[in-house]
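Structure assessment
Chain residues, written in single-letter form:
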Amino acid sequence: MTCRNWAPPNLADQAICAPANCFAAGELNHHISSTAYPIAHQTTWAPYRIRRQDHRQVLTEAFQGIDDLCLYAHIPFCEVRCSFCEYTVVGKGQLSQTQPYMDRLHRELALYRELLDTPSRRLRGFDIGGGTPAFVDAEMIADLVADVTESFLLAPDYGISIETTPRIAAADPSKLHAYQRAGIDRISMGIQVIQPDLLRLLNRDGNGIEHHYRAVDNIREAGFRKFNVDLMYGFAKQSLESWKATLEHAITLDPDYITLYRMRYKLTRISHEADQVQTENVRAQIRLSRQILANAGYRANPGRTTYSRIRGDIGTSPYITRRVVDGIPYLGLGLGAQTFTHRTVSYNDGAVGKDLTPYLKSVDRGELPIQDLYDLPRTHMMGKMIAVSFYFGEIDRSAFEEKFEMTLEQAFPQEIAFLLDHGLMEFTQTTLRLTPHGAEHFPGVVALFHAPSIKAYLAERDPRTATDMLHNQRLAEKVALRGRRAV
């Protein structure tokens, strides 16, 4: 093993949080304790921020010894911005800038090709996301794929995935055929919900049911045999009945995979609705999803977000699979894109302002377009890897030990004891896995693996009095114990 040379933790990241307290804090802050890591990075990660003039040196050192990696290209254009979107998407005034932006993506890739000697590194997966990648001309996407293919060694299990909307897939089948010719073998279509009034609230009514069946016909006609649809639950104004209708409708489209995303609210236009979400309703939606999808032949371990009906195929792209299972480093290209190594996390220019200008100017100057770079202690890198691992509902024990030079049990002895005691997680031969009960209490579970400074933030964030916090902690423990008896 090669020492990762993690940054030393500050005092806030050496503190100890009792597992029961952490679980209670995660449950109470359920709309932000999620797979999105970190939380409150302006404070919890601030001590580890690297000066811009040192970005190049630190990133070069962080990529040393990394032979395998994944790649993500961010396309920040959308016809409209959905109210649930937390991602870096530009406004209407910049939608005409697709060609200049795609040109800069190529130039950013060239910067990394020189800096990291990418032709000597194996690429395990490539995702093209957004925004809406299908918004730009298909030729631009094909050119980007060709450039990437020439810039890396391609692993035998390499694959490419892209995202589209129902309206675009229904209206422009030529784009789908162009993606196939370029070598893209997986496509994901965002349906999210079908409830008309909720679609309007989410600024999503232009992608309603009227487009879905034609879109699917076009996707299949283009030759895609790896087809996923995305659905979302956990909205304040989403009834159990409407969620059931969305699930049943998605099944009629006969996709190979169905991926479920819980609404996270942070950094969205409807963030003010977060405190209206009833956790018991969310848990009921989780239980209903598992039942309806299983009855239709779609399988997933408890907690896994992607359900697959293809035996032996877990349903996610190689980029996602390798990120989730192995915590593999990845390079992010484009506005606000994230890059991850064994010891650093960085965000490209534009991550805050959602404006193309800083990104374009940095690339034009021949600079890495990095807005923020954090050289992190091991405890935060563990939190990051584990948060992402929960997309599959489990943590690969060997991958964790390989990455962090200690076992899960050594890193989180009290936390794992609490989880096992309360029937929230269980050991398999190769993983530590959520139980069905644990999947329903995911916000509390994942909080146990956050770094100490984030655990403290969640505990202090509760608006109630200390007495109420103690009451809620005991209540959360009772809920967990009931689940243990049921397991």
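Presented here is a report on the structure given in the accompanying data block. (Residues numbered from 1 in each chain as written. Predicted model: local features only at pLDDT ≥ 70, side-chain atom pairs only at ≥ 80, totals over all residues. Heavy atoms only, no water.)

**Observations concerning the overall build of the protein**
Tallying secondary structure elements over the protein gives 21 helices and 15 strands in all. Counting the 487 residues in the protein, one finds 60% classified as buried. Across the protein, the fraction of contacts at a sequence separation of at least 24, relative to all contacts at a separation of at least 6, is 79%. Counting every atom, the protein has about 19600 Å² of accessible surface; 49% of that belongs to carbon and sulfur. The distance from the centre of the 55 positive side-chain charges to the centre of the 57 negative ones in the protein is 3 Å. (Helix = DSSP H or I, 4+ residues; strand = E, 2+ residues; numbered from the N terminus. Buried < 20%, exposed > 50% of the residue type's maximum accessible area, 1.4 Å probe, protein only. Contact = heavy atoms within 4.5 Å. Areas by Shrake-Rupley, 256 points an atom, 1.4 Å probe, with all protein chains shown as cover. Lys, Arg positive; Asp, Glu negative; His and termini not counted. Charge placed at Lys NZ, Arg CZ, Asp CG, Glu CD.)

**With respect to the side chain of Lys 175**
Within the fold, Lys 175 resides in helix H7 (residues 173–182). In this structure, Lys 175 is buried with no salt-bridge partner, the nearest side chain bearing the opposite charge being Asp 172 at 4.3 Å. A polar atom in the side chain of Lys 175 sits 2.5 Å from the backbone oxygen of Ala 134. If sequence neighbours within four positions are ignored, Lys 175 has contacts with Ala 134, Phe 135, Val 136, Ala 138 and Ile 168. (Salt bridge = Lys/Arg side-chain N within 4 Å of Asp/Glu carboxyl O. Polar contact = N/O pair within 3.5 Å; in protein donor to acceptor, adjacent residues only side chain to side chain.)

**Concerning the sheet that holds strand E13 (residues 394–396)**
Spatially, three strands are ordered E13-E15-E14 in an open sheet, and the strand pairing comes out antiparallel. Strands at the two margins of the open sheet, each flanked by one partner only, are E13 and strand E14 (425–427). Taking each pair of neighbouring strands and ignoring which way they run, the sheet shows an average axis angle of 20 degrees. Pairing of E13 with strand E15 (residues 431–434) involves three bridges; the strand directions are antiparallel. Each residue of the ladder has a partner; that of Asp 396, found in E15, is Thr 431. Against the sheet, helix H15 (residues 397–404) makes contact with E13, E14 and E15, and its axis sits at roughly 55 degrees relative to E13, the strand it touches most. (Pairing = 2+ DSSP bridges. Axes fitted to C-alpha atoms, helices over the stretch in contact; angles between N-to-C directions.)

**Brief notes about the side chain of Gln 285**
By the element assignment, Gln 285 lies in helix H11 (residues 279–295). Note on Gln 285: relative accessible area 0%, which makes it buried. Side-chain polar atoms of Gln 285 contact the backbone nitrogen of Gly 234, separated by 3.0 Å. Those residues in contact with Gln 285, other than ones at most four positions away along the chain, are Tyr 233, Gly 234, Gln 238, Ser 239, Leu 240 and Trp 243.

**Overview of the packing of aromatic side chains**
Counted according to the given criterion, the structure contains 17 aromatic pairs. On the numbers, 5.3 Å between centres and 75 degrees between planes, the contact of Phe 390 with Phe 442 is edge-to-face. Taken as a pair, Phe 390 in the loop between helix H14 (378–389) and E13 and Phe 442 in helix H19 (residues 442–447) lie far apart in primary sequence, 52 residues in all. Considered together, Phe 390 and Phe 442 belong to a single accessibility category, that of buried residues. Joined through ring pairs, the aromatic side chains of Trp 6, Phe 390, Phe 400, Phe 404, Phe 412, Phe 442 and Phe 449 make up one cluster. A cation over an aromatic ring shows up here: Arg 304 above the ring of Phe 392, its NZ or CZ 4.3 Å from the ring centre. (Phe/Tyr/Trp six-rings, centres within 6.5 Å; stacked < 30°, edge-to-face > 60°. Lys NZ or Arg CZ within 6 Å of the ring centre and 35° of its normal.)

**Some remarks on the pairing of E15**
With three bridges joining them, E14 and E15 adopt antiparallel strand pairing. Of the residues in E15, the one forming a bridge with Met 425 is Leu 434.

**Side note on helix H17 (residues 413–421)**
Turning to H17, its buried residues are Glu 415, Ile 416, Phe 418 and Leu 419. Seen end-on, H17 carries its buried residues on one side only, within an arc spanning 160 degrees. Two residues or fewer past H17, Gly 423 is found with a positive phi of approximately 70 degrees. (Arc of directions from axis to C-beta.)

**Observations regarding the packing of helix H1 (residues 19–28) against H17**
When two helices pack together, their arrangement is given by the angle between the helix axes and by the axis-to-axis distance. Remark: H1 packs on H17, axes separated minimally by 9 Å, with the N-to-C direction vectors making an angle of 70 degrees. Taken together, the axis directions place H1 and H17 in an arrangement best described as roughly perpendicular. The hand of the H1/H17 crossing is right-handed. Where H1 abuts H17, its residues Pro 19, Ala 20 and Phe 23 lie against Gln 414, Glu 415 and Phe 418. (Parallel < 35°, antiparallel > 145°, perpendicular 65-115°, else oblique. Left-handed = near helix turned anticlockwise from the far one by under 90°.)

**Considering the state of the cysteines**
Counted by the stated rule, this structure contains one disulfide. One disulfide bridge connects Cys 17 with Cys 22, the sulfur atoms lying 2.4 Å from each other. Accessibility expressed as a relative area gives 2% for Cys 22, which makes it buried. (Disulfide = S-S within 2.5 Å.)

**Quick word on the pattern of salt bridges**
One pass over the full model with this rule turns up 26 salt bridges. Its salt-bridge partner being Asp 54, residue Arg 51 comes within 2.9 Å of it at the nearest N-O pair. A relative accessible area of 52% places Arg 51 in the exposed class. Take Asp 54: its relative accessible area is 22%, and that puts it in the partly exposed class. Between Arg 104 and Asp 364 there is a salt bridge whose closest N-O contact spans 2.7 Å. Of this pair, Arg 104 sits in helix H4 (residues 98–116) while Asp 364 sits in helix H13 (residues 356–364), placing them 260 residues apart in sequence. One connected set of salt bridges, linked through shared partners, spans Glu 27, Glu 280, Arg 283, Arg 287, Arg 290 and Glu 440.

**Side note on H1**
The buried count for H1 comes to eight of ten residues, which makes it a mostly enclosed element. Turning to H1, its buried residues number three or more, namely Pro 19, Ala 20, Cys 22, Phe 23, Ala 24, Ala 25, Gly 26 and Glu 27.

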